[in-house]
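# Remarks on the overall topology
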Amino acid sequence: MEPKLHLDLMTNLYKVTSVAFSPNGTQIVSGSCDKSVRVWNASTGKQVQEFQGHTDWVTSVAFSPDAMQIVSGSDDKSIQVWDTLTSKQVQKLQGHSFKVTSVAFSPDGTQIVSGSYDKSVQVWDALTGKQVQKLQGHTSGVTAVVFSPDGTQIVSGSHDRSVQVWDTLTGKQVQKLQGHTSGVTCVAFSPDMTQIVSGSDDKSVQLWDVLTGKQVQKFQGHSDWVTSVAFSPDGLQIVSGSNDKSVRVWNALTVQQVQKFQDHTSTVRFVSSSCGETLDDTESKDHLFQQQTQIIDLPWYSTLDGWILSSSNHNHLMWVPHNLLKVLCHPLNTLIISQSGSLSLDFSQSKLGTKWIECYTSQNT
């Protein structure tokens, strides 16, 4: 069966930085550069909630195991917890000294883990909002954190090229996985907790044995940095998203690529598997939600240190001071810049007008 796009959630012109399924797969939460957290009906694609409170880009979002709360991390250095019934903020966790890059709930919902560019991994009490542990060992910014399925371990990835595993009871590092040749961007535990998968700026996806700390598989095929990784519910397959605009599904045992989705027109920032069966070439894309980071395909992208690079060949085009980057290099501004000196607008696909609701479609196949 030819892969089909199951649902396309259109938010606005701002980049979507993070997405996650609710535990039962009926809802999707997204974080965005517009500083908002939004919840969507996974079947209809309609927005059902919006949370406002962050003062900078939202970088990471996650549901609690009971779906009663959502946690969000932001460039404003804070972690905020939201009640999905009342739509109110119930906690604001502050302790990081630099932007928060990744957040996750523990399997029992009692703790929250966060990673930051301040090089630390911090663990919080979800009820009181108090910090209970500060895990230090990375020598550069932490990019990704996640609990093991039983909550006894935390895995973190960093720009220091390492993947580190921590004991949640003692706060001690139990493994340091090294093999990537560039920064680690994403990590995930296998459902049986025996393996960890990581993605990197070095374009590779690597599989590790948790007990021995050794690399057991290396998946190569992406032509640009890997942005997100996840296991299938049965642990037999791995899905990865990349700056090369593709989503790929790999057999965890044979290292073979079993599927490739190439519908996106820009960076695939996040991938996630919902509750379902193994992803293979006979399944529809219904089992996989993928969200492109930009609704409009721009010929450039920005780095955290202020460089503007060409999307086609990654050449350095210009440098913008960090404090001005989000203001000047924004789709709403740059779309009006033209090399030819003229501007042409096409409103044929516009959602304006009395029939705007017809622009939202869902193919339940």
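Look up a bit, the structure's there.
First, a word on what this report is: a plain description of the structure on this page.

Conventions used here
- Residue positions are counted from 1 within each chain, in the order its sequence is given.
- Only residues with pLDDT of at least 70 get local features here, since the model is predicted, and only at 80 or more are side-chain atom pairs given and counted; chain-wide, interface and lining totals rely on the full set of residues.
- As a rule here, side-chain values cover all heavy atoms of the structure and leave hydrogens and water aside.
- What counts as a helix is a DSSP run of H or I of at least four residues, what counts as a strand is a run of E of at least two, and both are numbered from the N terminus.
- The rule is simple: take the accessible area with a 1.4 Å probe, protein chains only, and divide by the maximum for that residue type; under 20% is buried, over 50% is exposed, in between is partly exposed.
- When DSSP locates at least two bridges between a pair of strands, those strands are taken to pair.
- To obtain each axis, a line is fitted to C-alpha atoms, and for helices this fit is confined to the stretch in contact; angles are then taken between N-to-C directions over 0 to 180 degrees.
- Each salt bridge in this description consists of a side-chain nitrogen of Lys or Arg and a carboxyl oxygen of Asp or Glu lying within 4 Å of one another.
- We call two residues in contact whenever any of their non-hydrogen atoms come within 4.5 Å of each other.
- Side-chain rings of Phe, Tyr and Trp, where Trp is taken by its six-membered ring, are said to pair if the distance between their centres is within 6.5 Å; with planes under 30 degrees apart they count as stacked, over 60 as edge-to-face, and otherwise as tilted.

### What about unusual backbone geometry?
At lysine 77, a position not held by glycine, the phi torsion is positive, near 80 degrees. If you trace the backbone, lysine 77 turns up in the loop between β6 (69-74) and β7 (78-83). Residue lysine 77 is classed as partly exposed on the basis of its relative accessible area of 39%. Residue arginine 161 is not a glycine yet carries a positive backbone phi of 80 degrees. Mapping arginine 161 onto the fold places it in the loop between β14 (153-158) and β15 (162-167).

### So, the sheet that holds β14
Strand order across the open sheet formed by four strands is β13-β14-β15-β16, with antiparallel pairing between neighbours. Of all strands in the sheet, those with a lone pairing partner are β13 (142-147) and β16 (173-178), marking the two edges. Put simply, the sheet's adjacent strands are angled 15 degrees from each other on average, direction ignored. The sheet contact formed by β15 and β16 spans five bridges and is antiparallel.

### Some remarks on the pattern of salt bridges
Across all of its chains, the model carries four salt bridges by this definition. The salt bridge involving glutamate 50 is made with arginine 38; its shortest N-O contact spans 3.9 Å. Here glutamate 50 is found in strand β4 (residues 47-52), whereas its partner arginine 38 is found in strand β3 (residues 36-41), with 12 residues between them in sequence. The class of glutamate 50 is partly exposed, set by a relative accessible area of 34%. Of the residues examined, arginine 38 reaches a relative accessible area of 12% and is grouped as buried.

### Remarks on the environment of isoleucine 154
One can find isoleucine 154 in strand β14. Since its relative accessible area comes to 0%, isoleucine 154 is described here as buried. Taking the C-alpha atoms as reference, isoleucine 154 lies 9.3 Å from glutamine 173; in sequence the two are 19 residues apart. If we ignore the near neighbours within four places in the chain, the residues touching isoleucine 154 are Val113, Val121, Val123, Leu135, Val146, Phe147, Gln164, Val165, Trp166, Thr168 and Phe189.

### Structural notes on the packing of aromatic side chains
Throughout the structure, instances matching the rule amount to three aromatic pairs. A ring pair is formed by phenylalanine 51 and tryptophan 82, whose centres lie 5.3 Å apart and whose planes are at 35 degrees; its orientation type is tilted. Separated by 31 residues along the polypeptide, phenylalanine 51 in strand β4 and tryptophan 82 in strand β7 bring together distant segments of the chain. Each member of the pair, phenylalanine 51 as well as tryptophan 82, carries the same accessibility label: buried. For the pair phenylalanine 219 and tryptophan 250, a centre-to-centre distance of 5.6 Å together with 50 degrees between the ring planes defines the contact as tilted.

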